[in-house]
Amino acid sequence: MSTAPRRTAARPRPALLLPVLLAAAALALPVGCAAPGELRDNGAVAPVTPSPARVPLWPSAPTASSPTPLEPTGSRSPEPAPQPVPDLTVPGQDVTTVDVRALVTKDPGVTQDERRVLEPCPGCELRTPEYRDLTGDGRPELLVAVGLADTVVLHVYTASGDRLLPIHRVSLLKEFGAETVGTDLWLYEPTGSFRTGRLYRWDGVRLALADQKVEGIGPTPEPEPTPPTAEKPTVEKPPGTGPTATSGGGAGGGPVKPSAPSRPTASPSAGVGSDAAVGKQPQPQPNTARPAAPSATPTAVPLPETKP
């Protein structure tokens, strides 16, 4: 009985496995992390939303001169929910169609003093209304500023269905600054070199005070100059003066002036035949000696004796 020879499976050679391993590694590189220094695609990037810009309200109005006292937010009692303005509708929730003069007349939140702007009133004004989205619903709110003699009352309204809701009321100085940053309302009242800012934000019911800050806007005062140290005055001495004057001229003095010659004295032993005997004054004799030093006191000159 003959048996067939067994066949053994041929082992793969190492030279044939090397290209296979290199190809597998090349396919795995895009799947894993990028090599150092290479760019990597992480897919689409989310769009960047720009920060909201500051948009001033009533930009032509001047800046305030002093701040209004801030109300403590924690001491106020809960306010009731705002009620719609009676006898006033907003067709299509478009607040730009609201008659501002009719709104001032019908809104119970507008005081009698504020209604004086509807008549000739010294110092009163009804500013042109502004429209900004302060609730974030995509529709603008109505901002009305009623100016009186010393203050300005700011009213903010929003449309709720076909009705108008008052959501904010604040009394400010005659000259104030206001701007919106997105849906935030900022009110500024500077005084001196500082400015007080208050942030109002929609809380679902009304615009509530969310933040306040004080900023320095004036120039930095310069330091006072230090007074200079007082110096002792110096007295200039005239030439020729000093502690000691010498003939050669010292360090602190000038030349010494020669003293005047003294008068000659008569000899006490003059005879009868001399000039003194006949009553004549003696004639001065030339003095060959050096002039004497000046004396502090004059010297008495004795008269010649006369005989009878």
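Residues numbered from 1 in each chain as written. Predicted model: local features only at pLDDT ≥ 70, side-chain atom pairs only at ≥ 80, totals over all residues. Heavy atoms only, no water.

**Quick look at the overall build of the protein chain**
Stage number 1. The helix and strand tally for the protein chain stands at 2 helices and 10 strands.
Stage number 2. Listing every helix and strand of the protein chain by position from the N terminus yields α-β-α-β-β-β-β-β-β-β-β-β.
Stage number 3. Here the analysis covers contacts within the protein chain between residues at least 6 apart in sequence; of these, 50% occur between residues at least 24 apart.
Stage number 4. Of the roughly 23300 Å² that the protein chain leaves accessible, carbon and sulfur atoms contribute 57%. (Helix = DSSP H or I, 4+ residues; strand = E, 2+ residues; numbered from the N terminus. Contact = heavy atoms within 4.5 Å. Areas by Shrake-Rupley, 256 points an atom, 1.4 Å probe, with all protein chains shown as cover.)

**What to know about the sheet that holds strand β10 (residues 207–216)**
Stage number 1. The strand order across the open sheet formed by 5 strands is β1-β7-β8-β9-β10, and the pairing between neighbours is antiparallel. Edge positions in the open sheet fall to β1 (54–57) and β10, since each of these has one partner strand only. Between one strand and the next, the sheet's axes are offset by a mean angle of 25°, whatever the strand orientation. (Pairing = 2+ DSSP bridges. Axes fitted to C-alpha atoms, helices over the stretch in contact; angles between N-to-C directions.)

**So, the pairing of strand β4 (residues 141–147)**
Stage number 1. Most of β4 sits inside the fold, with 7 of its 7 residues counted as buried.
Stage number 2. Here strand β2 (residues 125–126) pairs with β4 via 2 bridges, running antiparallel. Paired with Glu125 across the strands is Gly147, a residue of β4.
Stage number 3. With 3 bridges connecting them, strand β3 (residues 130–132) and β4 associate as antiparallel partners. Along β4, the bridge assignment pairs Tyr131 with Leu142.
Stage number 4. The sheet contact formed by β4 and strand β5 (residues 151–160) spans 6 bridges and is antiparallel. (Buried < 20%, exposed > 50% of the residue type's maximum accessible area, 1.4 Å probe, protein only.)

**A few points about the side chain of Glu179**
Stage number 1. Position of Glu179 among the secondary structure elements: in strand β7 (residues 177–181).
Stage number 2. Of note is the side chain of Glu179, whose polar atom sits 2.8 Å from the side chain of Tyr188.
Stage number 3. Apart from residues lying up to four places away in sequence, Glu179 is in contact with Arg54, Val55, Pro56, Leu57, Asp184, Leu185, Trp186 and Tyr188. (Polar contact = N/O pair within 3.5 Å; in protein donor to acceptor, adjacent residues only side chain to side chain.)

**What to know about the nonpolar core**
Stage number 1. Grouped together as the largest cluster of nonpolar side chains are 19 residues, with contacts concentrated most on Leu88, Val98, Leu103, Leu142, Val144, Tyr157 and Leu164.
Stage number 2. If you list the elements that add at least two residues to this core, you get α2 (100–106), β4 and β5.
Stage number 3. Those residues in contact with Tyr157 that lie beyond four places of it in its chain are Val85, Leu103, Asp107, Val110, Glu141, Leu142, Val144, Leu164, Leu165, Pro166 and Ile167.
Stage number 4. Residues Val170, Phe176, Ala178 and Tyr200 belong to the second largest nonpolar core, which totals 18 residues. (Core = buried A, V, L, I, M, F, W, Y, C linked by side-chain atoms within 4.5 Å.)

**What about the pattern of salt bridges?**
Stage number 1. Tallied over the full model, the rule gives 10 salt bridges.
Stage number 2. Residue Arg54 pairs with Glu179 through a salt bridge whose shortest N-O separation is 2.5 Å. In this pair, Arg54 is assigned in strand β1 and Glu179 in strand β7, connecting sequence segments 125 residues apart.
Stage number 3. Residue Glu179 is classed as buried on the basis of its relative accessible area, which comes to 13%.
Stage number 4. Arg198 is the partner of Glu189 in a salt bridge, and the nearest nitrogen-oxygen pair spans 3.0 Å.
Stage number 5. Its relative accessible area of 3% is what places Glu189 among the buried residues.
Stage number 6. When salt bridges that share partners are traced, they join Glu125, Arg127 and Lys174 into one network. (Salt bridge = Lys/Arg side-chain N within 4 Å of Asp/Glu carboxyl O.)

**Section: the pairing of strand β6 (residues 163–173)**
Stage number 1. Sheet analysis places β5 next to β6, joined by 10 bridges and oriented antiparallel. Of the residues in β6, the one forming a bridge with Thr151 is Leu173.
Stage number 2. Hairpin geometry of β5 and β6 is characterised by an intervening segment of 2 residues between the two adjacent antiparallel strands and by a positive phi of about 70° at Gly161.

**Examining the packing of aromatic side chains**
Remark: the centre distance and the inter-plane angle together describe each pair of aromatic rings, the angle taken between the planes.
Stage number 1. According to the stated counting rule, one finds 1 aromatic pair in the structure shown.
Stage number 2. Relative to Tyr188, the ring of Trp186 lies with its centre 5.9 Å away and its plane at 5°, an arrangement referred to as stacked.
Stage number 3. By relative accessible area, which is 6% here, Tyr188 ends up buried.
Stage number 4. Seen from the ring of Tyr188, Arg195 lies directly overhead, with NZ or CZ sitting 4.0 Å from the centre.
Stage number 5. Positioned above the aromatic ring of Trp186 is the side chain of Lys213, whose terminal nitrogen or guanidinium carbon lies 4.7 Å from the ring centre. (Phe/Tyr/Trp six-rings, centres within 6.5 Å; stacked < 30°, edge-to-face > 60°. Lys NZ or Arg CZ within 6 Å of the ring centre and 35° of its normal.)

**Looking at the environment of Leu143**
Stage number 1. By secondary structure assignment, the location of Leu143 is in strand β4.
Stage number 2. Between the C-alpha atoms of Leu143 and Val95, which are 48 residues apart in sequence, the distance is 9.8 Å.
Stage number 3. Those residues within four positions of Leu143 in sequence are excluded, and the remaining contacts are Leu57, Trp58, Pro129, Glu130, Tyr131, Arg132, Leu134, Leu154, His155, Val156 and Leu185.

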